[in-house]
Structures are given as structure tokens and as C-alpha cells.
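A look at the structure
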Amino acid sequence: MKLDPAIRDQVLATVPSLRAFAISLCGNIDRADDLVQETLLRALSHIDSFEPGTNMPAWLFTILRNLFRSEYRKRRREVEDAEGRYAETLKSHPEQTGRVEFEEFRTALAKLPQDQREALILVGASGFSYEDAASICGCAVGTIKSRVNRARTRLADLLAIDSVDDFGPDRATRAVLAGGGRS
Amino acid sequence: MGDWEKADQMKNRRTNLETVPPDTDRPDSDKPEAAHPMGRPSTPHKEARLGREVQARIGQQLRAMYDEVVNQGVPPHIADLIRRLSDQD
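Residues numbered from 1 in each chain as written. Chains lettered and ligands numbered in written order. Predicted model: local features only at pLDDT ≥ 70, side-chain atom pairs only at ≥ 80, totals over all residues.

1. Focus on the overall build of chain B
When you go through chain B residue by residue, the secondary structure sums to two helices and zero strands. Expressed as a percentage of the 89 residues in chain B, the buried residues total 19%. (Helix = DSSP H or I, 4+ residues; strand = E, 2+ residues; numbered from the N terminus. Buried ≥ 20, exposed ≤ 12 C-beta atoms within 10 Å, placed from the backbone.)

Right, dumping it as C-alpha cells:
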């Protein structure tokens, strides 16, 4: 039986966001694309278990996350390495924000625990509801809310030094401030 | 891209970080140097403002980073894979 074109289009429409999420999990574009391919193979071979009319993105994200958790995350060292390198995996120069600031943001994001970063990205970037994010992560809605809040608080703390910069001190001064705060 | 254009529809997704209560007292601005509309000194409000500004930037940068990948659309090899899988018996 051939795949319903409408279903196929829904899958296709989800791919860009699915890749972005995969990169945020893997910290590596090549592995992320492997993960996306595995996800699509798994999903399309079990397409009968997708209920038409339900949330295709949430379904695909759930499969991808489960695959990542069961296969990729076992390689603990690699994942830790990936988290450390996460900031380097994307090259972007958004118009509204400074490049340095953007780099610092990605570095800060890479410092978050996996659970928190995942929740923050699902809700804040992928655009899922807290309910869908909870369903994707297999946890309670309250857990997602708590993870998102902790992620935001932690990021704000990590980025607080940047705000000092906004009010005057130059980079050299900020480096001293950062160094002083850490010792 | 051709008929894969529907991939773009994910770009129109909403985001849920914007549930932070809007600050109705002052214009929507990310610029810390923006003068307080009431002309009051900024120092007493600095901490609260910093929190809001940082949160706004977190949301903005998170989406900018994510959209960098989303805007790449569907890579050809993945489009081929889906086409192949959806045509087989």
C-alpha cells in the first residue's frame, strides 16, 4: 500500500524542524541527519500506528527522541563531547543580535543539562505546547514547565554578564568581572 | 524545492515562550539604553528589566538558532528517502 500523499506531505513539512531538534540533541549535523533518516525509516514503516488527524510533528519528534535516547545517548562520552561542541555546530549571523552575543548564547545553551535544553527547545523554538512537549518527552506537563523554567533561569544567569556589558563595561572589563565571579 | 514547499509551514509555528506577561508600562524594546518613558531613573528597575530583557533575548536567540536549520528546508537526500519510502509497497 502506497503512502497517502497527504501523510507524506505532513512528514515532509516536519523534516526541517525535526532536523533542527535532532541537531540540538546530537550536537553534530551529520549524526543528526542520520538520526532523522532512522526516524523516518522507523516512522514510515510503522505509519499505520499514526492516527490521521493527530499531531504529526509530535509523533515524529517522539520517535526521534526515543531513538536518540535508546541508541545515541548510550555513548555517554560522545554525547558529553557533543554537548561541549554544540555551540560550534551552527553558523548563523542573525541581523538583530550581535555575533559575539549570539556565540555566547549558544555556549550558554550548551551548558544546560540535556533534559532542560530539550524542553526549552521543544517549547521555545519548535513551538510545541507544554502538553505536546510532555508527551514527546514522556513526562508530566509540570515536569516540562519546571525544566523550561530552570533552563530559562540558568540561561539568564549565564547571560547576566552580557547585560553588564550593555550598560557600559567593555569586553576587557567584562572578562575581569567574569573571572572574579568565578574564583 | 518544488512540491516540498510545504516544509515551510513549520516556520509559521507559534512559540510558547511569549507567555511572559507583557510589560505595558513601556514600549516594547530590547535596548537597555532606551530611556524610561516616565523619565524615572533606571537604576531601581534595573534588575527586573535585566531579567525581562535577558528572557526576551533567550527566546529570540533560541528561535534564530533553530530557524537557521529550519530555513535549510528538506535536504535532497532526505526528500529522496521519503519519496522512495512512500512509493514502495
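2. Some thoughts on the overall build of chain A
When you go through chain A residue by residue, the secondary structure sums to nine helices and zero strands. Evaluated residue by residue, chain A yields a buried proportion of 37% over its 183 residues. A separation of at least 24 residues holds for 60% of the contacts in chain A among residues at least 6 apart in sequence. (Contact = placed C-beta atoms within 7 Å.)

3. What to know about the nonpolar core
Note that soluble globular proteins tend to have their nonpolar side chains buried in a common cluster. All names here are of chain A. A22, V36, L64, A119 and A133 are the most contacted members of the largest nonpolar core, which has 55 residues in total. It is helix α1 (residues 5–26) that provides the largest number of residues to this core, a total of 11 residues. Residues lining this core come from more than one domain, with at least three contributed by each of domain 1 (1–90) and domain 2 (93–183). Contact partners of L64, with chain neighbours within four places excluded, come to L18, F21, A22, L35, V36 and T39. (Core = buried A, V, L, I, M, F, W, Y, C linked by C-beta atoms within 7 Å. Domains from an automatic or database assignment.)

4. Comments concerning helix α2 (residues 29–45) of chain A
Residue and element names in this part refer to chain A. End to end, α2 covers 24 Å across 17 residues, agreeing with the expected 24 Å (1.5 Å per residue, within 8%). Taken as a whole, α2 has its buried residues at A32, L35, V36, T39, L40 and A43. Down the axis of α2, the sector holding all buried residues measures 140°, keeping them to one side. Pointing more than 90 degrees away from the buried face of α2 are the exposed residues D30 and S45. (Expected span 1.5 Å × (residues − 1). Arc of directions from axis to C-beta.)

5. Structural notes on the environment of F61 of chain A
All names here are of chain A. Its location among the elements puts F61 in helix α3 (residues 56–72). For the pair F61 and T39, spaced 22 residues apart in the sequence, the C-alpha separation amounts to 8.6 Å. Those residues in contact with F61 that lie beyond four places of it in its chain are L18, F21 and I136.

6. Details of the environment of I144 of chain A
All names here are of chain A. Mapping I144 onto the fold places it in helix α8 (residues 141–166). Considered as a pair, I144 and A134 are 10 residues apart in the sequence and their alpha carbons are 5.9 Å apart. Setting aside residues no more than four positions away along its own chain, I144 makes contact with A119, V123, Y130, A133, A134, C137 and C139.

7. A closer look at α1 of chain A
Residues and elements named next belong to chain A. With 22 residues, α1 ought to run about 32 Å at 1.5 Å a step, and its terminal C-alpha atoms sit 30 Å apart, in line with that. Its axis deflected by about 40° at V15, α1 carries its strongest bend there, up to four residues before the proline P16. For α1, the buried fraction is high: 17 of the 22 residues fall into the buried class. Looking one or two residues past α1, G27 carries a phi angle of roughly 70°, positive in sign. (Bend = angle between axes of the 7 residues up to and from the residue.)

8. Some details on the environment of R154 of chain A
Tracing the backbone shows R154 of chain A in helix α8. Considered as a pair, R154 of chain A and Q116 of chain A are 38 residues apart in the sequence and their alpha carbons are 9.6 Å apart.

9. A short note on the confidence of the model for chain B
Residue and element names in this part refer to chain B. Across chain B, the average pLDDT comes to 65, with 43% of residues at 70 or higher. Within the model, the stretch residues 1–14 combines pLDDT values under 50 with 23 contacts to residues more than four positions away or in other chains. Per-residue pLDDT stays below 50 along residues 18–44; that stretch engages in 15 contacts with residues further than four places along the chain or on separate chains. On the interface metric, ipTM, the complex scores 0.74, and its pTM is 0.69. (pLDDT = per-residue confidence, 0-100.)

10. What to know about the packing of helix α6 (residues 114–124) of chain A against helix α7 (residues 130–137) of chain A
Residue and element names in this part refer to chain A. One way to put it is that α6 packs onto α7 with a least axis distance of 9 Å and a crossing angle of 140°. Classed by the angle they form, the pair α6 and α7 counts as oblique. Pair α6 / α7 crosses with right-handed handedness. Here α6 contributes E118, A119, L122 and V123 to the contact with α7, which in turn contributes Y130, A133, I136 and C137. Its residues assigned to classes, the contact of α6 with α7 shows seven nonpolar, no polar and one charged. (Axes fitted to C-alpha atoms, helices over the stretch in contact; angles between N-to-C directions. Parallel < 35°, antiparallel > 145°, perpendicular 65-115°, else oblique. Left-handed = near helix turned anticlockwise from the far one by under 90°. Nonpolar A, V, L, I, M, F, W, Y, C, P; charged D, E, K, R; others polar.)

11. Digging into the packing of α2 of chain A against helix α2 (residues 76–87) of chain B
Between α2 of chain A and α2 of chain B, whose axes approach to 11 Å, the crossing angle comes to 15°. One finds that α2 of chain A runs roughly parallel with respect to α2 of chain B. Of the two possible hands of crossing, α2 of chain A and α2 of chain B adopt the one that is right-handed. In contact with V36, Q37, L40 and L44 of chain A of α2 of chain A, α2 of chain B contributes I78, L81, I82, L85 and S86 of chain B. Residue composition of the contact of α2 of chain A with α2 of chain B, by class: seven nonpolar, two polar and no charged.

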